[in-house]
Amino acid sequence: MTEPPELRPDQTTGMVCAHHHLYSALARGMPAPPRTPTSFIEILEQVWWRLDRALDADTIHWSAKLGALEALERGCTAIIDHHESPSAIDGSLGIIADACAEVGVRVSCSYGVTDRHGADGARRGLAENERFLSEGGRGYVGVHAAFTCTDDTLERAADLATRFGVGVHIHVAEGADDAGAADRLRHLADDRWLLIHGVHLADDHGLAGTIVHNPRSNMNNAVGYARPTRFANPIALGTDGIGADMLDEFRVAYARLREHDVRSTPDPVWAMLDVNRRLFPEAGDDRVTWSYEPMDPWRLAFSPGVRPLRIEIDGDVVLEDGLPTRVDATEIRAKAAEAAERLFQRLEDMP
Ligand SMILES: [Zn+2]
């Protein structure tokens, strides 16, 4: 295999999103929840845990396809996804992987196991991770969060991940309600784990793994600032389902860091994008040619709107003149909008 050519000043390797929820791509415009949520837990209960219950195979497909398209259009060639669809668990990860493959974007899948729907729901979630990984799928073992799982489920998930030589992809201490997660996970976690959020972790939490910082989502849910530079762990950058525009998330992360410490340079946040690439090394073979040069953190921190003009993934041109080559973006948007209407109707009908 020949080495990819050197990067020009207007090029980078593929951007990686270290934590995404492709299933939320259809959520924009969804009906308002029955009551206005006033806390992080109520946001989960009244928005996301209703949406995920309403998903079926068709809406999983179109949300993944729309999310993959939007990732590609922003220069993100590799997505680390975390999925939950309690009414349609079996085969859900395959649907997501296939939709991303059609668009041409790399994906790592995981099903977020939880005991929220009883022991049988947890068992089926574990089985979906196992099925996907045993068929050669690229992924992690997903867990929603320690606070919605029994110790037995957490141990089973960790064992399954060890068996497949992968990590566990889990939300950790996102809200104050999950601040006790570290004590329940410390003996299970290893360096391959992805610890999402970590807002309420102690500085010396003692968990092995990469912490994934999601600054925009954390602000949106009012869970607090993670102050990610305080941790000894590698720190990656995710969007938590709000698109996959990693340059935009970089700018948000930098603005939030400056608000916390006005002396900070963009470099600690730019370094998070390198951690992302280490989580998905294949993206290093991808080439993104941008509308701006040079692709330098100090400039990009203050340059909204930089967009990819051409993208090669694994040697294939998947975006040319800013347009995807493998799929019809207009058609995907139209079909996704129809699927969203069906999803919204189910939400309206939900008790
Ligand atoms: Zn998340």
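Procedures and definitions
- Residues numbered from 1 in each chain as written.
- Predicted model: local features only at pLDDT ≥ 70, side-chain atom pairs only at ≥ 80, totals over all residues.
- Axes fitted to C-alpha atoms, helices over the stretch in contact; angles between N-to-C directions.
- Helix = DSSP H or I, 4+ residues; strand = E, 2+ residues; numbered from the N terminus.
- Left-handed = near helix turned anticlockwise from the far one by under 90°.
- Contact = placed C-beta atoms within 7 Å.
- Nonpolar A, V, L, I, M, F, W, Y, C, P; charged D, E, K, R; others polar.
- Pairing = 2+ DSSP bridges.
- Expected span 1.5 Å × (residues − 1).
- Buried ≥ 20, exposed ≤ 12 C-beta atoms within 10 Å, placed from the backbone.

Across the interface, helix α1 (residues 40-54) lies against helix α11 (residues 329-349) with an axial gap of 9 Å and an inter-helix angle of 115°. Crossing geometry of α1 relative to α11 is assigned as right-handed. Counting all contacts with α1, which are made through R50, L51 and A54, the residues of α11 involved are L343, R346 and L347. By residue class, the composition of the contact of α1 with α11 is four nonpolar, no polar and two charged.

Here we come to the sheet that holds strand β9 (residues 235-237). Pairing within the open sheet is parallel, and its five strands lie in the order β5-β6-β7-β8-β9. Edge strands, defined here as strands with exactly one partner in the open sheet, are β5 (141-145) and β9. Looking at each pair of strands side by side, their axes are set apart by 25° on average, direction ignored. Pairing of strand β7 (residues 194-197) with strand β8 (residues 210-213), which is carried by three bridges, proceeds in the parallel orientation. The residue of β8 that forms the bridge with L195 is I211.

Our next topic: the pairing of strand β10 (residues 287-290). Pairing of strand β1 (residues 11-12) with β10, which is carried by two bridges, proceeds in the antiparallel orientation. Counted as the bridge partner of Q11 is T289 from β10. In this structure, β10 lies alongside strand β11 (residues 308-313), joined through four bridges in antiparallel fashion. Across the sheet, the residue bridging to W290 is P308, located in β11.

A separate point is helix α5 (residues 151-164). An ideal rise of 1.5 Å per residue puts 20 Å on 14 residues; α5 measures up with 20 Å between its terminal C-alpha atoms. Here α5 has its buried residues at T153, L154, R156, A157, A158 and A161. If you follow the buried residues of α5, they end up packed against α4 (118-134), β5, β6 (168-172) and α6 (181-185). Phi for G165, located one or two positions after α5, is positive at around 70°.

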